[in-house]
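Here is what each chain is made of, one letter per residue.
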Amino acid sequence: MKRLLLTLMLSLFTFDGQAAVQPTGQYIQPNNLFPKVLFVTSIGNITVELDRMKAPITVDNFLSYVDAKRYEDTIFHRLEHNFVLQGGGYTSKMESVEEFPQIVNESGNGVKNDQFSLSMARQYTPHSATSQFFFNLADNDSLNPGRNWGYTVFGSIIQGEDVLEKLEGIETDISPELGWPSFPTKKIVIIKVQILAE
């Protein structure tokens, strides 16, 4: 019994003695199937309704990052016009966002990667999504599941579609820090993402 209690106590701390932050999304408005969040960005505000009915794991994961304030002062680091706007991975100082564990891919939930939807980014392997997400700037059928795993849609814009129109005036180039293409030449900052009241 003492060993179990010690193990539980140690699991609450990181190796440097700091309190570890655990995912909390499942506790945020737990009876609300469609929680709403507000993206406050340097080009305008975007309100998104999340879909916990179709993508419960993904929504809880996203809310965990919002609750831990890990999206504050981050950037959209990938812009492909008429395709996607991706963020959630890097701060404005080009430091990596601290990640929670990878989550299960819920792309087979029947919701498509249509224009103005919000989806999880991932690596090549299907169950590798963590903090990064993207807005679909067009109807992206190629990102939906078929013979292969797709990309999980977990929300849609309900206000602020016009903000994405401002992206047309932003050019892209190769990032000097990351070496990636499609990097916005004008920094697009996510000042904060906040959970709206039910």
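Residues numbered from 1 in each chain as written. Predicted model: local features only at pLDDT ≥ 70, side-chain atom pairs only at ≥ 80, totals over all residues. Heavy atoms only, no water.

A.B. asks: What is the right way to read the layout of surface pockets from this model?
C.D. replies: Considered as a void within the structure, the largest pocket measures approximately 370 Å³ in volume. Considering the residues around the largest pocket, the lining is formed by 22 residues, among which Gln 86, Ala 121, Arg 122, Gln 123 and Gln 132 are closest to the centre. Tallying contributions element by element places strand S3 (residues 74-80) first for the lining of the largest pocket, with three residues. Taken together, the residues that form the lining of the largest pocket break down as nine nonpolar, nine polar and four charged. (1 Å grid on protein atoms, 1.4 Å probe; cavity = no way out; pocket = protein on both sides within 12 Å on 5 of 7 lines; lining within 4 Å. Points joined across faces, edges and corners; volume = space filled by probe spheres on them. Helix = DSSP H or I, 4+ residues; strand = E, 2+ residues; numbered from the N terminus. Nonpolar A, V, L, I, M, F, W, Y, C, P; charged D, E, K, R; others polar.)

A.B. asks: For this particular structure, what's the right way to read the pairing of strand S7 (residues 153-159)?
C.D. replies: Along any regular strand, the residues point their side chains to alternate faces of the sheet. The pairing of strand S2 (residues 44-50) with S7 spans four bridges and is antiparallel. In the sheet register, Leu 50 faces S7, and the bridge partner there is Gly 155. With three bridges joining them, strand S5 (residues 117-120) and S7 adopt antiparallel strand pairing. Its bridge partner being in S7, Leu 118 is matched across the sheet by Gly 155. (Pairing = 2+ DSSP bridges.)

A.B. asks: Quick question: what am I supposed to make of empty space enclosed by the protein here?
C.D. replies: A probe as big as a water molecule, rolled over the atoms, marks out the empty space that is left. Tallied over the full model, the rule gives one cavity of 30 Å³ or more. Of the voids in this model, the largest cavity is the one considered here, and its volume is about 60 Å³. Tallied by class, the residues present in the lining of the largest cavity amount to six nonpolar, four polar and two charged.

A.B. asks: What should I look at first to understand the sheet that holds strand S6 (residues 133-136) in this one?
C.D. replies: To summarise the sheet geometry, strands pair through backbone hydrogen bonds and adopt either a parallel or an antiparallel arrangement. Here we have eight strands rolled up into a closed barrel, ordered S1-S2-S7-S5-S6-S4-S3-S10, and antiparallel in their pairing. For this sheet the average axis-to-axis angle between neighbouring strands, irrespective of direction, equals 35 degrees. Packing against the sheet, helix H2 (residues 56-67) makes contact with strand S1 (36-41), S2, S5, S6, S7 and strand S10 (189-195), and its axis sits at approximately 115 degrees to S10. (Axes fitted to C-alpha atoms, helices over the stretch in contact; angles between N-to-C directions. Contact = heavy atoms within 4.5 Å.)

A.B. asks: So what exactly am I meant to see when it comes to the nonpolar core here?
C.D. replies: Taken as a class, soluble globular proteins show a tendency for nonpolar side chains to be buried jointly. Within the largest apolar cluster, 34 residues are counted, with the highest numbers of intra-cluster contacts made by Phe 39, Val 48, Leu 50, Phe 62, Phe 133, Phe 154 and Leu 167. If one sorts the elements of this core by residue count, H2 sits on top with five residues. With near-sequence residues (within four places) excluded, Phe 154 lies in contact with Glu 49, Leu 50, Asp 51, Ala 55, Thr 58, Val 59, Phe 62, Leu 118, Ser 119, Met 120 and Phe 133. Counting five residues, the second-largest nonpolar core is a separate cluster that includes Ile 75, Tyr 90, Met 94 and Val 189. (Core = buried A, V, L, I, M, F, W, Y, C linked by side-chain atoms within 4.5 Å. Buried < 20%, exposed > 50% of the residue type's maximum accessible area, 1.4 Å probe, protein only.)

A.B. asks: Got a minute to help me understand the pattern of salt bridges in this structure?
C.D. replies: If charged atoms from side chains of opposite charge come close, those side chains can pair. Summed over all chains, the structure comprises four salt bridges. In this structure, Glu 49 and Lys 36 form a salt bridge, with 3.4 Å as the shortest nitrogen-oxygen distance. Here the residue Glu 49 occupies a position in strand S2, and Lys 36 occupies one in strand S1, the gap between them amounting to 13 residues. We classify Lys 36 as partly exposed; its relative accessible area is 31%. Note that Asp 60 is salt-bridged to Arg 52, the shortest N-O span being 2.9 Å. Judged on exposure class, the residue Asp 60 and its partner Arg 52 are both buried. (Salt bridge = Lys/Arg side-chain N within 4 Å of Asp/Glu carboxyl O.)

A.B. asks: Even after reading the chapter, I still don't get the confidence of the model for the protein, so can you show me in this structure?
C.D. replies: Detailed reading of the predicted coordinates is not advisable wherever pLDDT falls low. Per-residue confidence for the protein gives a mean pLDDT of 91, with 90% of residues at or over 70. Counted against residues more than four places away or in other chains, residues 1-19, with its pLDDT under 50, gives nine contacts. (pLDDT = per-residue confidence, 0-100.)

A.B. asks: For this particular structure, what's the right way to read the pairing of strand S4 (residues 84-91)?
C.D. replies: When you tally the buried positions in S4, you get eight out of eight residues, the bulk of the element. Of the pairings in the sheet, the one linking S3 to S4 comprises five bridges and is antiparallel in character. From the neighbouring strand, Thr 74 faces S4, where its bridge partner is Thr 91. Hairpin connection of S3 to S4: three residues between the antiparallel strands, including Asn 82 at a positive phi of 60 degrees. Pairing between S4 and S6: four bridges, direction antiparallel. Bridge assignment links Gly 87 to a residue of S6, and that residue is Phe 133.

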